[in-house]
Amino acid sequence: MSKKKQAAGTNLLYQLIAEARTYDDVIVMGRGDPDFDTPAHIVAAAKHAMIHHQADVAPAAGLPALREAIAARVKRVNNIDVDPASEVVVTNGGQEALFLMVLAALGEGDELIVPEPNYNTYADSLAFAGGVKVAVQTAHEADFRADPAVVRAAITEKTRALLLVSPNNPAANVISPADMRALVDLASEHDLMILADDIYDLFVYDDFVHTSPASLPGGKERSLTLNALSKAYSMTGWRLGWIVGPADLMARVAELKAAISGGTSIISQHAGIAALTGPQDAVDMMAAAYARRRRLVLDALDEMGMQYGVPQGGQFVFANIAFTGMDSAEVAQRILSEQHVLAYPGSAFSKERKDYLRMTFLQPEEQLVEGLRRMKLAMASL
Amino acid sequence: MASQTKTKLLARHAANAALNIPLPGIAMRDAHDLGADEPFYPLDERIIAGAVEALESGQTHYVDVPGIAALREAIAKHLNAACGTSWQSANILVTAGLQEARFLTIQIIGAQFEQIGVPTVAHPGLQKALGVRRRQVVSLPVETELGCLPSLDEIAAALKNGCRLLYLESPSRLSGAAYTQNQVARIADMLAQHDAAAIWDQGLARWVDEGCSSLAALAEGATAAIGEAWHGIGLGSWLVGSIAAPTDWIAPMQSQKQIMAICTSTASQYAALAASEIVGETHQQRLGQMRRQRAAALAMASELGLDLLPGAANNLLALQADAAARERLAEAGIDFAAGEDFGARDIVRLNIGAATATAIEALG
């Protein structure tokens, strides 16, 4: 077997990204990086901060004004009440928030229940913490719904927390209000912490509704909830995210944040204030664009006869490629090499998902159309 | 009903004393803030222009995990010129400030060794980084006469007893004391003799007259050099640091960086890139200014009979100061870094700046 095929998880993705860079005409339907640039008023605020706030010093938990803006946002969007002074910690993007959340809630031997497929970095972070992943498998035929009864069956005496990513990455399912209620009740009943990832909460389609577990009775005191500006404001390069949660646990999160990176760029923090408190029409524009592109992708997949879980939210679709009889890493490699289209293999997210591909709709529509045309050619040749 | 799970979790965190150690501020808030890690100088407008140009041209997306190529190249070039190393871009990992560099080196390089030898006096960020995931630590006692650096004998003893990874600051983040060229050469010899390695914090080296010897120059294949990019340039709150290390060490740290942050802020990286082109321009002028202010402070301290720790970096000084002396500093409105947080009792660390003389006066 070639060295290329031995890579797994995150390393596999980076290997594919590196190859994609070598093609001038590549169409990237892999990485979760929106094609839109950061809205101009946010860049202008950053420029202003560079001149007037270049030497501001913030505590490791973040600028008070930003924490207030975050508290107002999670109240407005997620219906979570938090005290900005003690229940918000600013992070270097959603990724650091994820890492901190796992480190704060789990230690050696602690079990985390993870509905799968899920974002691969949770497993990486859990491994760093010495925790144990307990996977609860879901199926595309059920739009990747994590049945609370199945989750209940996975709980053991070592279970300490439940991971709820909604909309999910890569499966793009949204946990329904009824299921979320049942999962929060389950966490209360078994005294589990909840790690909630709301990063795609502004991108929910059709009649689906996003619910934050911390907004439900019994949820807030046991939930750490992360979010970031990367996806909603097209600010992936700014590295600005946050965690909200109960003050006692957030004090520990702040200590861990100081130990890991000491703080967050002051310029990104000022840009974050502008994003959260300024005009939101760019977010609405992007959400509308993603909704159109999603339809376009699903139509193309239907045309190819591919099965998938209907993306109820997020910015991608997780499609089944079992009909090819090939491993997803090999399929992704061939699509890239032969058609110069980068899609992520399901095996990078979970070893159980070797027959899936994740495709994003984070490209201009004309590129997306061309990417899907090439993908159709690639699929026909497999 | 209170959550038992959360109660146990909080108890576990509370028992980890290393995480509770306070860190000094990243950069000075004002002229009387002498306790921060970095002095404040207004940013050169070309640095701002570099960052703005990048943002306005659409550099608002993810960039490569180890850092933008041009900045890695610039950092390698600067390190090579300052230290006599021969690093390439592939040897450089850009980090979100120095603390992330400490964390990555200690946790990821540290994981390849059974033990890590650390000075009993060092920047509190070291203990915090060690506290996240406990490593087996060998304490390297320090000597006050050496500015709170571990002596070569202590280093030799640790290596002789089986410790194969050292964490050393030169200059010290508390006193500014630095190992001499001969001492660095002896440390390099000891590493070679024991097939050992080192994490070498050299972020303050640029403030030492005539430069400061880097272990990386003599033991490049066994040293990870960490520091800010660049200390005192005005980017303290923008958080840009770097790790220079052999490529087989960079690879796992890069993976961990991906796991915990994906990449470093693009605005900060482009600002640091612009800074790399002008960092030499103002350096001598700032260094000269610091040298004069420090000499005046030392003279005043000597006149007042204050006990000073030896130090070589011109950006700070450390003094013996009991509780009463600290109260006087506080009354004078001076912020300082407490030696206890570094592991040194009855010592205060002061930045060199316009208010340092006032602080010395208060201590007298």
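Presented here is an overview of the structure given in this document. No experiment lies behind these values; they were computed from the predicted model shown.

Cut-offs applied
- Residues numbered from 1 in each chain as written.
- Chains lettered and ligands numbered in written order.
- Predicted model: local features only at pLDDT ≥ 70, side-chain atom pairs only at ≥ 80, totals over all residues.
- Heavy atoms only, no water.
- Pairing = 2+ DSSP bridges.
- Helix = DSSP H or I, 4+ residues; strand = E, 2+ residues; numbered from the N terminus.
- Axes fitted to C-alpha atoms, helices over the stretch in contact; angles between N-to-C directions.
- Contact = heavy atoms within 4.5 Å.
- 1 Å grid on protein atoms, 1.4 Å probe; cavity = no way out; pocket = protein on both sides within 12 Å on 5 of 7 lines; lining within 4 Å.
- Points joined across faces, edges and corners; volume = space filled by probe spheres on them.
- Nonpolar A, V, L, I, M, F, W, Y, C, P; charged D, E, K, R; others polar.
- Domains from an automatic or database assignment.
- Salt bridge = Lys/Arg side-chain N within 4 Å of Asp/Glu carboxyl O.
- Buried < 20%, exposed > 50% of the residue type's maximum accessible area, 1.4 Å probe, protein only.
- Core = buried A, V, L, I, M, F, W, Y, C linked by side-chain atoms within 4.5 Å.

Residues and elements named next belong to chain A. In spatial order, the strands read β2-β8-β7-β6-β5-β3-β4; together these seven strands make up an open sheet with mixed pairing. Of all the strands in the sheet, just β2 (88–91) and β4 (132–137) have a single pairing partner and so form its edges. Direction aside, neighbouring strands of the sheet carry axes that sit 20° apart on average. Pairing between strand β3 (residues 111–116) and β4: six bridges, direction parallel. Along β4, the bridge assignment pairs L112 with K133. Strands in contact with helix α5 (residues 93–105) are β2, β6 (193–197), β7 (223–228) and β8 (241–244); relative to β7, the strand with the most contacts, it is inclined by about 165°.

Rolled over the atoms, a probe sized like a water molecule indicates the empty space that remains. Residue and element names in this part refer to chain B. Of the volumes computed, that of the largest pocket is approximately 670 Å³. The wall of the largest pocket is formed by 30 residues, among which H78, A82, A205, R206 and W230 lie closest to the centre. Those elements that place two or more of their residues in the lining of the largest pocket are α3 (69–83), β8 (223–228) and α11 (279–303). A per-element tally of the lining of the largest pocket places α3 first, with seven residues. Here the lining of the largest pocket is built from residues that sort into 14 nonpolar, 10 polar and six charged. Looking at which domains feed residues into the lining of the largest pocket, each of domain 1 (13–43 + 281–363) and domain 2 (45–279) supplies at least three.

We now examine the pattern of salt bridges. Pairing between side chains of opposite charge can happen when their charged atoms approach one another. If you walk through the whole model with that rule in mind, you get 34 salt bridges over all chains. Taking the shortest distance from any N to any O, the salt bridge between R145 of chain A and D179 of chain A comes out at 2.6 Å. Remark: D179 of chain A occurs in helix α8 (residues 177–189) and R145 of chain A occurs in the loop between β4 and α7 (148–154); sequence separation between them is 34 residues. The exposure class of R145 of chain A is partly exposed, given its relative accessible area of 42%. A salt bridge links D335 of chain B to R29 of chain B; the shortest N-O distance between them is 2.6 Å. With D335 of chain B in the loop between α12 (323–331) and β11 (337–338) and R29 of chain B in the loop between α1 (4–14) and α2 (45–56), the pair connects residues that are 306 residues apart, well separated along the chain. The class of D335 of chain B is partly exposed, set by a relative accessible area of 32%. Through salt bridges with shared partners, a single ionic network connects D110 and R160 of chain A together with R12 of chain B.

One finds L195, L224 and M359 of chain A together with M253 of chain B to be the most contacted residues of the largest nonpolar core, which totals 191 residues. The contact partners of M359 of chain A, leaving out residues within four places of it in the chain, are M29, L301, M306, Q315, F316, V317, A319, A343 and M375 of chain A. Core analysis: the second largest hydrophobic core is formed by 21 residues, L152, L166, I187 and M190 of chain B among them.

Residue and element names in this part refer to chain A. A large share of β7 lies buried, amounting to six of its six residues. Every second residue of β7 is oriented toward a common face, with S223, T225 and N227 on one face and L224, L226 and A228 on the other, all of them buried. Relative to β7, β6 runs parallel, the two sharing four bridges. Following the sheet pairing, A196 is matched in β7 by T225. Across four bridges, β7 lies against β8 in antiparallel orientation. Residue pairing for β8: N227 is matched across the bridge by W242.

On to empty space enclosed by the protein, then. Applying the stated rule across the entire model yields eight cavities of 30 Å³ or more. Looking at the largest cavity, its volume works out to about 380 Å³. Looking at the largest cavity, it is lined by 28 residues, and the ones nearest its centre are Q95, Y119 and K231 of chain A together with Y62 and I262 of chain B. Residue assignment for the lining of the largest cavity shows that the elements contributing at least two residues are α2 (9–20), α5 and α6 (120–129) of chain A. In the lining of the largest cavity, the residues fall into 13 nonpolar, 10 polar and five charged. Estimates place the volume of the second largest cavity at around 100 Å³. Lining the second largest cavity are 15 residues, and of these P115, F144, A146, N168 and N173 of chain A sit closest to its centre.

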